[in-house]
Amino acid sequence: RQHIKTAIRNLWKNRAFTTINLVGLTLGLSGIMVLSVMVFQFLQFDQLYKDKDRMYYLKTKVKDGGEYEQTTYPLLAEALKNCPEIEAGTHFQQWYAPWLKLQEKEIQEDRTFFADTGFLNVFSFPLKFGKSTEALRNKFDVVLSEETAEKFFGKDNPVGKTLTADDSIQLTVKAVLKHIGNNNSIRPNVVLSTLLLQDYPGFNDNANWYNGFAENYLKLKPGANITKLESQLNQIVKLNYHPERKKDIIRVVPFTER
């Protein structure tokens, strides 16, 4: 007890010195805590998916040496038919964001994706409601994030219920994704079927073997040969791409390098 009293007196006598040391200690501990959180977030980044080591995406290398993460839209369908190394594949794009309405509630979500049936096979998002095998099978299916679903339906299960898009299109909720944390690179609020886009002339005019706008993601079979897959994809390019783009080279890149 005497030692504690003596220490307190000394600290009080040297108040400036004590304050400086306490501030330094506080800042140091705060820095360590912030750094620890950042390291944890980094280690957990995109850890949501099963079989992440088998997830890849496609990049296009053009003749001037530049690279980008889009390909022509029809490439994926041909790849799924002709490349046995692929277990599942999907491409998605943010073509536009329709207004969704339920009675008096009307919302437009920025992170609105259009995807095909392989979306939940490649991206194994955990579901709060619904089944991944039944989602995006039909033209008017919609998948919602947990947050978006609660804006319309509260805590209730909305699977099978209807939302109206742009005052005319009747969409059926097929699944609800569980909350997706900020430490994930892909965080959709609304996922609609790419079949809907086929009703838009602007999409059909661009979904050809010349324009490159589709982001492609693949889940490969265990032990898949990447070199063989790239060769098959580039053979598709040579056979189908527009003459001005036949020198494009498709690369298969691990999702972890995205």
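What comes next is a walk through the structure. (Residues numbered from 1 in each chain as written. Predicted model: local features only at pLDDT ≥ 70, side-chain atom pairs only at ≥ 80, totals over all residues. Heavy atoms only, no water.)

## Quick look at the overall build of the chain
Looking only at helices and strands, one finds seven helices and 14 strands in the chain. Expressed as a percentage of its 258 residues, the buried residues of the chain come to 40%. In the chain, the share of contacts with a sequence separation of at least 24, taken over all contacts with a separation of at least 6, comes to 73%. Looking at the chain as shown, the accessible area adds up to about 14,600 Å², and 54% of this sits on carbon and sulfur atoms. (Helix = DSSP H or I, 4+ residues; strand = E, 2+ residues; numbered from the N terminus. Buried < 20%, exposed > 50% of the residue type's maximum accessible area, 1.4 Å probe, protein only. Contact = heavy atoms within 4.5 Å. Areas by Shrake-Rupley, 256 points an atom, 1.4 Å probe, with all protein chains shown as cover.)

## Some details on the pattern of salt bridges
Summed over the entire model, instances satisfying the criterion amount to 13 salt bridges. Between Arg54 and Asp51 there is a salt bridge, with the nearest N and O atoms lying 3.1 Å from each other. Classification of Asp51 by relative accessible area gives partly exposed; the value is 33%. The shortest N-O distance in the salt bridge between Glu78 and Lys81 comes to 3.0 Å. Of this pair, Glu78 and Lys81 both sit in helix α3 (residues 75-82), three residues apart, which is roughly one turn of the helix. For Lys81, a relative accessible area of 62% corresponds to the exposed category. Residues participating in the shared-partner salt-bridge network are Asp51, Arg54, Glu87 and Lys219. (Salt bridge = Lys/Arg side-chain N within 4 Å of Asp/Glu carboxyl O.)

## Notes on the packing of aromatic side chains
Under the criterion given, the structure shown has 23 aromatic pairs. Both rings, one in Phe92 and one in Phe119, keep their centres 5.8 Å apart while their planes meet at 90°; by these two values the pair is edge-to-face. Separated by 27 residues along the polypeptide, Phe92 in strand β4 (residues 86-93) and Phe119 in helix α4 (residues 119-122) bring together distant segments of the chain. Take Phe92 and Phe119: they sit in the same class, and that class is buried. (Phe/Tyr/Trp six-rings, centres within 6.5 Å; stacked < 30°, edge-to-face > 60°.)

## Some thoughts on helix α7 (residues 226-240)
The α-helix advances 3.6 residues per turn, and as a result positions three or four apart in sequence lie on the same side. For α7, which comprises 15 residues, the first-to-last C-alpha distance of 21 Å matches the rise-based estimate of 21 Å (1.5 Å per residue) to within 8%. All of the buried residues in α7 are Leu229, Gln232, Leu233, Asn234, Ile236 and Val237. Considering only its buried residues, α7 is in contact with β1 (55-61), α3, β4, β13 (212-220) and β14 (249-254). The N-cap residue of α7 is Asn225: its side-chain oxygen and the backbone nitrogen of Thr227 are 3.1 Å apart. (Expected span 1.5 Å × (residues − 1). Polar contact = N/O pair within 3.5 Å; in protein donor to acceptor, adjacent residues only side chain to side chain.)

## Description of unusual backbone geometry
In this structure, Gln103 is a non-glycine residue whose phi angle is positive, near 55°. Looking at where Gln103 falls in the secondary structure, it is placed in the loop between β5 (100-102) and β6 (105-107). Notably, Asp167 is not glycine yet its phi reads approximately 65°, a positive angle. Along the chain, the position of Asp167 falls in the loop between β10 (162-165) and β11 (169-177). By relative accessible area, which is 59% here, Asp167 ends up exposed.

## Thoughts on the side chain of Thr164
Secondary-structure assignment places Thr164 in strand β10. A polar side-chain atom of Thr164 sits 3.2 Å from a polar atom in the side chain of Gln170. Once residues lying within four places of it in the same chain are set aside, the contact partners of Thr164 are Trp99, Leu100, Lys101, Ile169 and Gln170.

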